[in-house]
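Survey of secondary and tertiary structure
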Amino acid sequence: MLSRTHFIYISACVAAFSPSCLLSFSVAAMQVTEAFKHAFLKQMLLGFQASAVSTNSMGFQERKNAIKLSADVAMAVARGSRKWTRGLIAGLSEEQQNRSFLQLILGEQYERRLMKPCYSSWKIPRCRKIVRRSLRVCCRRQKKKKNQSGVLARTLVEKRTQQLKRLVPGGESMDGFSLLDETLDYVLSLRAQVDLMQSLLTTVESSKLRSHSKRTLPERKASYVGK
Amino acid sequence: MPVEMSSRRSSSRISDEEISELISKLQSLLPESRRRSMSRASAAKLLKETCSYIKSLHREVDDLSDRLSDLMSTMDSGSPQAEIIRSILRS
């Protein structure tokens, strides 16, 4: 019977040969299901409507920000409850201009999200110790180095960890294990966001082309008649 | 049967095995081109590559938002929304 480690390793190897495929572990890892795609696109659309992006009165930057906001909220909503999704919403609501949008889109859920206390912030004192321990496992795999460079390596890991914490929403208050776990989930969600936005773009582009060609076709025919 | 991650976290000790699992998952997450330069996975390299990958994904989202904004600026309000709804219902 396959142990869990074997299962993970095999799946990882399979995933390695298909660069664009998303990991499909059966357990805690995120999967881009049809339900996720639907939820994301639906939320995007609701977001567009709420901020009225299709009206001509908006400036380019304003519309772009509204689109980006819709996309991020859509990603968080479609994913459900994770540390990073809560961190993302919390981060967005720090800006005054986003609050009415969030209130509109999330409704009651928004109130509840704000009320939820941040338990993970209590772990901050343990943070550094856990990060160092959890990543020491990786360092052990390296060839033996002099003491000095060992210290340097740990400092570099520390530095990179801080960078990662700033990139992952809510990362600042996560311990080492949570950080890696949430990073994995966040990256999968980001990839899905990119793919879905791309397909939305393609859909809108092709619908524009179709409606445009329908309009100009009779004119084109008329211009040939003269010859 | 694979065990839920949340039940693991309730015990104070997180095993090295679980951490290695996460790290190998993270590594396999990176796109081919980045992974090739990481023949031996040092923790610092993995973190660095993950950070730069996340940043590049952020840039992609930003670029796609630009293009969507561009596209939607020259749209009549009626038909494209309907088209989007139809494509969502179709997929």
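Refer to the structure above for everything that follows.
I will try to describe carefully the structure that is included in this document.

Cut-off values and rules
- Residues numbered from 1 in each chain as written.
- Chains lettered and ligands numbered in written order.
- Predicted model: local features only at pLDDT ≥ 70, side-chain atom pairs only at ≥ 80, totals over all residues.
- Heavy atoms only, no water.
- Salt bridge = Lys/Arg side-chain N within 4 Å of Asp/Glu carboxyl O.
- Helix = DSSP H or I, 4+ residues; strand = E, 2+ residues; numbered from the N terminus.
- Buried < 20%, exposed > 50% of the residue type's maximum accessible area, 1.4 Å probe, protein only.
- Axes fitted to C-alpha atoms, helices over the stretch in contact; angles between N-to-C directions.
- Parallel < 35°, antiparallel > 145°, perpendicular 65-115°, else oblique.
- Left-handed = near helix turned anticlockwise from the far one by under 90°.
- Contact = heavy atoms within 4.5 Å.
- Nonpolar A, V, L, I, M, F, W, Y, C, P; charged D, E, K, R; others polar.

**Re the pattern of salt bridges**
Evaluated as defined, the whole model comprises nine salt bridges over all chains. Salt-bridge contacts for Lys68(A) lead to Asp62(B); the nearest nitrogen and oxygen are separated by 2.7 Å. Here Asp62(B) lies in helix α4 (residues 43–73) and Lys68(A) lies in helix α3 (residues 60–79), a pairing that spans two chains. With relative accessibility at 25%, the residue Lys68(A) sits in the partly exposed group. Relative accessible area serves as the criterion here: at 24%, Asp62(B) is assigned to the partly exposed category. In this structure, the salt-bridge partner of Arg79(A) is Asp185(A), at a minimum N-O distance of 2.7 Å. Of this pair, Arg79(A) sits in helix α3 while Asp185(A) sits in helix α9 (residues 176–225), placing them 106 residues apart in sequence. Both residues of the pair, Arg79(A) and Asp185(A), belong to the buried class. Linked by salt bridges that have partners in common, Arg79(A), Arg82(A), Asp181(A), Glu182(A) and Asp185(A) make up one network.

**Here's the deal with the packing of α3(A) against helix α5 (residues 96–106) of chain A**
Residues and elements named next belong to chain A. α5 packs onto α3 with a crossing angle of 40 degrees between their chain directions and a minimal axis gap of 12 Å. With respect to their mutual orientation, α3 and α5 come out oblique. For the pair α3 and α5, the crossing hand works out as right-handed. Taking contact as the criterion, the partners of Leu69, Ser70, Val73 and Val77 in α3 are, on α5, Asn98, Phe101, Leu102, Ile105 and Leu106. Taken together, the residues of the contact of α3 with α5 sort by class into seven nonpolar, two polar and no charged.

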